[in-house]
Number of protein chains: 2
Amino acid sequence: MAAICVLDKFEVHKNEEFLKIAKGLAPMLERKEVMPVSLLALEKGQEMEPVVRAEETPEQLRKHALKKDDAVILDFGTHNVGYVTLHLSSVGSHQDAPAYIYLKFAERLDELTVNIAEYDGWISKGWIQEEYVHVDVLPATLKLPRRYAFRYMEIRVIDVSLKYSLVVERVSMEAVSAVAVQEGVPAEMAAVQERVPMEMAAAAARGDMSKGEISAEARERQDSRAGDSLLAEIDKVSVQTLRNCMQTVFEDGPKRDRRMWLGDFRLQARANYQTFKNHKLVKRCLYLFGGLTFNEGKVPACLFTEPTVEPDDTYLFDYALLYGSVLLDYYEETKDEKTLRDLYPVAIRQIEIGVDYLNEDGIIPDHSEEFWCFVDWGENLNTQASSLAILIYAMRYGMRLAEHMGDEAKARWLEQRMKTLKKKAVEHFWDEEQKLFVSGRERQVSWATQVWMILARVFPQEKNRELILHTIDVNPEIRMVTPYMYHHYIDALIRSGEKERALEEMKQYWGGMILDGADTFWEVYNPYNKYESPYGSVAVNSFCHAWSCTPTYFLRKFF
Amino acid sequence: MAAICVLDKFEVHKNEEFLKIAKGLAPMLERKEVMPVSLLALEKGQEMEPVVRAEETPEQLRKHALKKDDAVILDFGTHNVGYVTLHLSSVGSHQDAPAYIYLKFAERLDELTVNIAEYDGWISKGWIQEEYVHVDVLPATLKLPRRYAFRYMEIRVIDVSLKYSLVVERVSMEAVSAVAVQEGVPAEMAAVQERVPMEMAAAAARGDMSKGEISAEARERQDSRAGDSLLAEIDKVSVQTLRNCMQTVFEDGPKRDRRMWLGDFRLQARANYQTFKNHKLVKRCLYLFGGLTFNEGKVPACLFTEPTVEPDDTYLFDYALLYGSVLLDYYEETKDEKTLRDLYPVAIRQIEIGVDYLNEDGIIPDHSEEFWCFVDWGENLNTQASSLAILIYAMRYGMRLAEHMGDEAKARWLEQRMKTLKKKAVEHFWDEEQKLFVSGRERQVSWATQVWMILARVFPQEKNRELILHTIDVNPEIRMVTPYMYHHYIDALIRSGEKERALEEMKQYWGGMILDGADTFWEVYNPYNKYESPYGSVAVNSFCHAWSCTPTYFLRKFF
């Protein structure tokens with residue numbers, strides 16, 4: 001399913017004052033040189049599973065005299081985002097033909113064994129991080145102009161000549177981020193770290209742990225309730241995910257799409273308050289969204305930053321509504337009155353627009369056939385009930401914003417409407433027999449619907465607790481597929497008083513990614529199908545994806 | 001057959017004084033913007049023959065909204081060498097994925113229908129003029145850093161996205177050459193032009209002639225002895241070939257190899273004296289070869305200019321010997337005594353080295369199994385007799401150099417040795433029964449052997465005339481395959497008093513390339529196999545090749 005939205009008569013209303021504020025907050029990126037830690041030789045195992053056939057130190061690199069079809073794979077130790085420079089030379093006779101090389105950058109090792117030529121999904125092949133480069137004159141310093149997100153880099157010689165071989169003298173990466181680019185846990189987070197169990201911190205600090213050891217250890221610990229080193233690892237990987245997505249804006253994925261999506265931004269901001277505390281970047285992004293509304297004042301689902309900041313002509317009902325939640329989180333974190341005053345009208349406008357969508361039955365019509373209310377990937381997910389729940393959820397945040405603003409009238413209006421909508425939600429979507437919420441004409445039972453109804457607090461906490469436990473028990477077939485949806489599930493567990501289970505689920509889900517080799521958390525993770533992709537191939541999946549970074553938020557805030 | 005030479009114990013003797021002189025003579029390249037003249041849509045006809053399915057004006061370019069797999073082909077009207085700039089934009093929604101495009105530059109239209117993926121020849125795939133480019137931000141001005149030699153340019157969209165299409169607003173080329181880059185016949189050649197029959201000049205000046213018209217016209221005229229417009233066209237194409245090979249040195253092919261080969265340089269210099277008269281560039285190249293000898297003082301077969309001037313570790317017996325011929329031509333054209341004095345020892349040294357190769361029978365041993373004496377492409381050609389003939393030929397030039405230098409002793413020594421060697425040539429290689437020269441143990445009869453024996457003046461002119469006519473009559477199976485060898489054949493005809501036949505052969509051979517669509521003359525031309533390649537595929541053949549530019553020399557000097 002190609003999930004895109006193209007709006008006709010798309011009219012952007014730029015608020016130049018807001019955009020100026022946002023521009024003034026643009027970060028100078030932090031930069032750090034990162035070097036490969038080892039040199040791999042791969043072979044393809046079963047399916048596309050890569051098998052490391054040999055490993056060498058990076059010092060061995062320059063000893064390889066590469067001929068046609070020869071390849072080397074560099075492992076940079078962990079996932080980073082940045083710019084790559086290669087120092088190339090030759091051995092043998094004088095270079096008598098261009099060196100033609102193929103470069104591939106991979107977030108996950110198996111991206112190097114996927115057959116790219118076969119990719120025929122609905123999003124662009126252009127996202128695959130590959131380059132074909134001719135080097136006419138050796139020796140050469142090849143400073144690649146594009147930014148890559150990767151841990152592994154393949155250098156394959158398409159051709160040299162019979163008279164010379166290519167030598168890769170040195171490859172380095174200039175990693176970039178809006179926050180300090182460094183291995184391990186950043187210094188500014190030391191205070192936060194104290195709240196994390198000591199064992200976690202100790203394990204996280206152990207930078208010399210090799211991936212294999214971590215996996216083995218993690219696997220063992222996962223089975224044990226004392227498995228805090230897995231939690232420490234989850235925290236560390238969350239932080240790295242967040243760091244690598246924090247660039248000139250909160251990007252959703254530094255490999256793909258490299259845009260700022262409002263839904264991702266909301267979760268990143270939450271994780272950021274518990275870790276980097278880069279409030280400036282949150283403020284900047286709030287002003288960007290607020291300064292780029294369209295048509296009736298809708299906030300776009302995502303923004304582009306190049307060549308100038310522009311909104312995508314995509315409206316997502318849930319994302320727009322959640323703008324107020326980001327603003328409230330920001331205000332409560334910073335007490336920044338000016339920003340609250342500036343952006344409050346934008347947040348409230350989203351709720352008004354949401355209310356306008358209510359039909360004569362007082363619920364949101366079913367838009368599941370369109371790319372209109374995201375909720376989760378999953379082709380068969382019905383989002384009607386969730387969309388109502390998210391409207392209610394947004395109203396609660398709107399009400400608190402109105403209270404902070406002293407806007408009593410709006411606060412009362414929201415309170416009233418919320419009450420009505422909660423009744424409507426129960427009337428239309430609660431199935432007393434199943435003891436579950438249903439959605440759409442087919443009365444679909446999904447995990448997502450239950451989670452959002454819990455977060456909307458349609459029922460009181462104790463009943464929510466029963467509902468979530470009942471959902472786990474029933475295990476509806478329409479499951480959650482993204483970490484974005486899993487975030488809301490964990491949130492629902494915690495808000496229902498099921499903190500221990502939340503911890504367990506995080507270990508299972510995000511811990512599962514670590515056991516499957518994650519250096520940063522993924523856009524999509526189906527524990528039962530490592531190669532699941534909403535796009536037709538994992539070759540274009542993002543393996544460092546903003547909406548996946550939130551375990552650090554939960555661990556640091558609630559545990 | 002992979003024809004390469006790799007010398008062990010290769011010791012370069014740089015003459016810094018000579019190299020300094022050469023450096024001081026480096027040309028500032030002339031630059032001119034060249035625009036496409038039309039837009040083609042191609043399809044593959046029989047075999048790899050391209051068929052133009054549709055044609056549009058270049059103004060239509062920006063009206064194409066290009067989606068995945070769409071392509072446009074630009075025709076720049078004729079062959080040029082230079083740097084390309086693309087102005088790209090998009091239509092539809094905001095660009096939400098990198099535009100991934102494939103660019104291909106073709107000297108001949110059928111390079112666009114060759115299946116490159118199948119190329120598996122012995123020279124580098126890197127010579128194929130293709131690029132894969134990601135454009136992350138549109139609109140963009142894409143200034144390609146590499147130089148291309150082409151008439152046609154294909155732009156194919158590998159992928160965009162469902163939300164936008166690529167638009168190519170404008171493509172331009174900055175053509176470069178050591179001599180004025182312009183269409184038609186350059187102004188500085190007007191004086192030379194007067195020697196060319198008026199009809200030729202008139203036809204050459206008709207720049208607006210479309211390729212189809214020229215071919216039709218040429219085809220008609222070729223059958224007629226009054227076909228001077230074909231000669232005019234041959235002259236024009238020769239000049240364009242020479243111009244495009246004249247860069248910072250006399251390159252052999254601006255697409256491939258982009259080096260200076262001594263054998264090509266010799267012919268280019270001769271064509272240059274009749275056309276551009278850029279003596280400075282000839283002088284520069286003479287000093288480069290003279291300043292980069294190796295081991296016993298040998299002149300290398302070819303030079304690289306990047307990253308610094310360096311000789312290839314390739315010795316070609318015939319090319320080295322012909323250095324003296326280039327020097328003599330230059331001296332007789334310019335009367336530049338200083339250069340003669342500087343470089344005379346280098347030229348003489350090549351002859352001495354040649355003499356050292358003589359065996360006890362007083363002939364050159366057979367090296368046909370090696371890439372040692374070029375003579376011509378052709379896997380089965382035996383070059384033993386030719387190598388002796390070329391030594392004799394070089395001695396004649398050496399003798400004249402010695403005379404200009406007032407070096408009587410050397411002149412007499414050369415005269416004596418020449419006489420002896422001519423006798424040896426007849427003794428060992430003349431077959432009185434066949435009335436032809438033979439070569440090697442198998443006593444091979446080839447065109448090349450006869451031609452070089454004639455140019456060596458082993459026999460007096462009248463007997464040479466009989467020999468060349470007899471050769472034509474017998475038509476030995478071991479034929480000539482390169483324009484380089486054809487040059488020497490035409491030369492042999494003219495020197496034997498067969499000027500009319502020389503003209504006829506030029507019309508047949510170089511005229512044949514024009515009928516087959518040449519804008520510049522080719523590295524390899526077999527009238528019976530348009531797709532002949534010494535490398536395994538025409539995809540890597542050079543279609544603007546220095547050694548093919550000499551008809552202008554013959555036409556302007558002898559007719």
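Preceding this paragraph is the structure being described.
Let me begin by describing the structure that accompanies this report. (Residues numbered from 1 in each chain as written. Chains lettered and ligands numbered in written order. Predicted model: local features only at pLDDT ≥ 70, side-chain atom pairs only at ≥ 80, totals over all residues. Heavy atoms only, no water.)

**Some points on the side chain of Ser89(A)**
All names here are of chain A.
Next up, step 1: With respect to the secondary-structure elements, serine 89 resides in strand β5 (residues 71-92).
Next up, step 2: A distance of 2.6 Å separates polar atoms of two side chains, one belonging to serine 89 and the other to glutamate 169.
Next up, step 3: Those residues in contact with serine 89, other than ones at most four positions away along the chain, are Leu138, Pro139, Ser165, Leu166, Val167 and Glu169. (Helix = DSSP H or I, 4+ residues; strand = E, 2+ residues; numbered from the N terminus. Polar contact = N/O pair within 3.5 Å; in protein donor to acceptor, adjacent residues only side chain to side chain. Contact = heavy atoms within 4.5 Å.)

**Comments concerning the sheet that holds strand β11 (residues 260-261) of chain B**
Residue and element names in this part refer to chain B.
Next up, step 1: Read from one edge to the other, the open sheet built from 3 strands follows the order β11-β13-β14, with strand pairing classed as antiparallel. Two strands in the sheet have a free side with no partner beyond their single neighbour: β11 and β14 (310-311).
Next up, step 2: Pairing of β11 with strand β13 (residues 302-304), which is carried by 2 bridges, proceeds in the antiparallel orientation. Residue methionine 260 lies in a different strand from β13, and its bridge partner there is leucine 303. (Pairing = 2+ DSSP bridges.)

**A look at the relation of the copies chain B and chain A**
Each of the two chain copies can be generated from the other by rotation about an axis followed by a shift along it.
Next up, step 1: Overlaying chain B on chain A yields an RMSD of 0.0 Å, the required transformation being a rotation through 180 degrees with an accompanying axial translation of 0.0 Å. Here the copies are linked by what is in effect a two-fold axis. Distance from the rotation axis, computed per C-alpha, reaches its smallest value in chain B at Tyr132(B): 2.9 Å.
Next up, step 2: Mapped onto chain A, 100% of the interface residues of chain B are again interface residues, and the two copies thus contact each other with one and the same surface. (Least-squares fit on C-alpha atoms with pLDDT ≥ 70 in both.)

**Here's the deal with the packing of aromatic side chains**
Next up, step 1: Within this structure, the stated rule accounts for 83 aromatic pairs over all chains.
Next up, step 2: A centroid spacing of 6.5 Å and a plane angle of 75 degrees characterise the contact between Phe294(A) and Tyr315(A), whose relative ring orientation is edge-to-face. Here the residue Phe294(A) occupies a position in strand β12 (residues 292-294), and Tyr315(A) occupies one in the loop between β14 (310-311) and α8 (317-321), the gap between them amounting to 21 residues.
Next up, step 3: Residue Tyr315(A) is classed as buried on the basis of its relative accessible area, which comes to 4%.
Next up, step 4: A centroid spacing of 5.9 Å and a plane angle of 65 degrees characterise the contact between Tyr319(B) and Phe374(B), whose relative ring orientation is edge-to-face. In this pair, Tyr319(B) sits in helix α8 (residues 317-321) while Phe374(B) sits in the loop between α10 (337-356) and α11 (384-405), placing the two residues 55 residues apart along the sequence.
Next up, step 5: Residue class for Tyr319(B) comes out buried when judged on its relative accessible area of 2%.
Next up, step 6: Overall, Phe374(B) belongs to the buried group, its relative accessible area being 6%. (Phe/Tyr/Trp six-rings, centres within 6.5 Å; stacked < 30°, edge-to-face > 60°. Buried < 20%, exposed > 50% of the residue type's maximum accessible area, 1.4 Å probe, protein only.)

**Describing helix α5 (residues 228-245) of chain A**
Next up, step 1: Between its terminal C-alpha atoms α5(A) stretches 26 Å, which fits the 26 Å expected from 18 residues at 1.5 Å a residue.
Next up, step 2: With respect to burial, α5(A) is a largely interior element, 16 of its 18 residues being buried. (Expected span 1.5 Å × (residues − 1).)

**Section: the packing of α5(A) against helix α16 (residues 499-515) of chain A**
All names here are of chain A.
Next up, step 1: Where α5 meets α16, the closest approach of the two axes is 10 Å, and the angle between their N-to-C directions is 65 degrees. Two packed elements cross with a definite hand, and for α5 against α16 that hand is left-handed. Of the residues in α16, those in contact with Leu230, Leu231, Glu233, Ile234 and Val237 of α5 are Leu503, Met506, Lys507, Trp510, Gly511 and Ile514.
Next up, step 2: Partitioning the contact of α5 with α16 into residue classes produces 8 nonpolar, 1 polar and 2 charged. (Axes fitted to C-alpha atoms, helices over the stretch in contact; angles between N-to-C directions. Left-handed = near helix turned anticlockwise from the far one by under 90°. Nonpolar A, V, L, I, M, F, W, Y, C, P; charged D, E, K, R; others polar.)

**Quick look at unusual backbone geometry**
Next up, step 1: Look at the link from Arg256(A) to Asp257(A): it is a cis peptide, with omega at 5 degrees.
Next up, step 2: Relative to the helices and strands, Asp257(A) is located in the loop between α5 and β11 (260-261).
Next up, step 3: Going from Glu306(B) to Pro307(B), the amide bond is cis rather than trans, its omega being -5 degrees.
Next up, step 4: A positive phi angle, close to 45 degrees, is found at Lys9(B), a residue other than glycine.
Next up, step 5: Tracing the sequence through the fold places Lys9(B) in the segment before β1 (12-14).
Next up, step 6: We classify Lys9(B) as exposed; its relative accessible area is 73%.

**Topic: the pattern of salt bridges**
Next up, step 1: Summed over all chains, the structure comprises 78 salt bridges over all chains.
Next up, step 2: Between Asp257(A) and Arg259(A) there is a salt bridge; the shortest N-O distance is 3.1 Å.
Next up, step 3: By relative accessible area, which is 7% here, Arg259(A) ends up buried.
Next up, step 4: In this structure, Arg256(B) engages Asp257(B) in a salt bridge whose closest nitrogen and oxygen atoms are separated by 2.8 Å. Asp257(B) carries the same exposure label as Arg256(B), and that label is buried.
Next up, step 5: The network of salt bridges with shared partners includes Lys163(A), Arg256(B), Asp257(B), Arg259(B), Asp312(B), Asp313(B) and Glu523(B). (Salt bridge = Lys/Arg side-chain N within 4 Å of Asp/Glu carboxyl O.)

**A look at a nonpolar patch on the surface**
Next up, step 1: A cluster of nonpolar side chains, contributed by Ile4(A), Val6(A) and Leu162(B), occupies part of the molecular surface with about 230 Å² of accessible area.
Next up, step 2: Mapped onto the secondary structure, Leu162(B) falls in the loop between β9 (148-159) and β10 (164-177). (Patch = residues over 30% accessible without salt bridge, like charges linked within 9 Å, V, L, I, M, F, W, Y side chains within 5 Å. Areas by Shrake-Rupley, 256 points an atom, 1.4 Å probe, with all protein chains shown as cover.)

**Topic: the interface of chain B and chain A**
Next up, step 1: Chain B puts 44 residues into the contact, and the matching count from chain A is 44 residues.
Next up, step 2: Each partner contributes to the roughly 3,500 Å² buried at the junction of chain B and chain A, and carbon and sulfur atoms together form 57% of this total.
Next up, step 3: When the area that chain B buries against chain A is broken down by residue, the three leading residues are His94(B), His134(B) and Lys163(B), summing to 17%.
Next up, step 4: On the surface where chain B and chain A come into contact, there are 8 salt bridges.
Next up, step 5: Residue Arg146(A) is joined to Asp136(B) by a salt bridge in which the shortest nitrogen-to-oxygen separation is 2.7 Å.
Next up, step 6: The tally of links from chain B across to chain A stands at 26 residue pairs in polar contact (both at pLDDT 80 or more).
Next up, step 7: By residue number, the principal contributor to the side of chain B that touches chain A is strand β7 (residues 130-135) of chain B, which donates 4 residues.
Next up, step 8: Of the residues assigned to the side of chain B that touches chain A, the class counts are 20 nonpolar, 8 polar and 16 charged. (Buried area = accessible area lost by both parts, 1.4 Å probe.)

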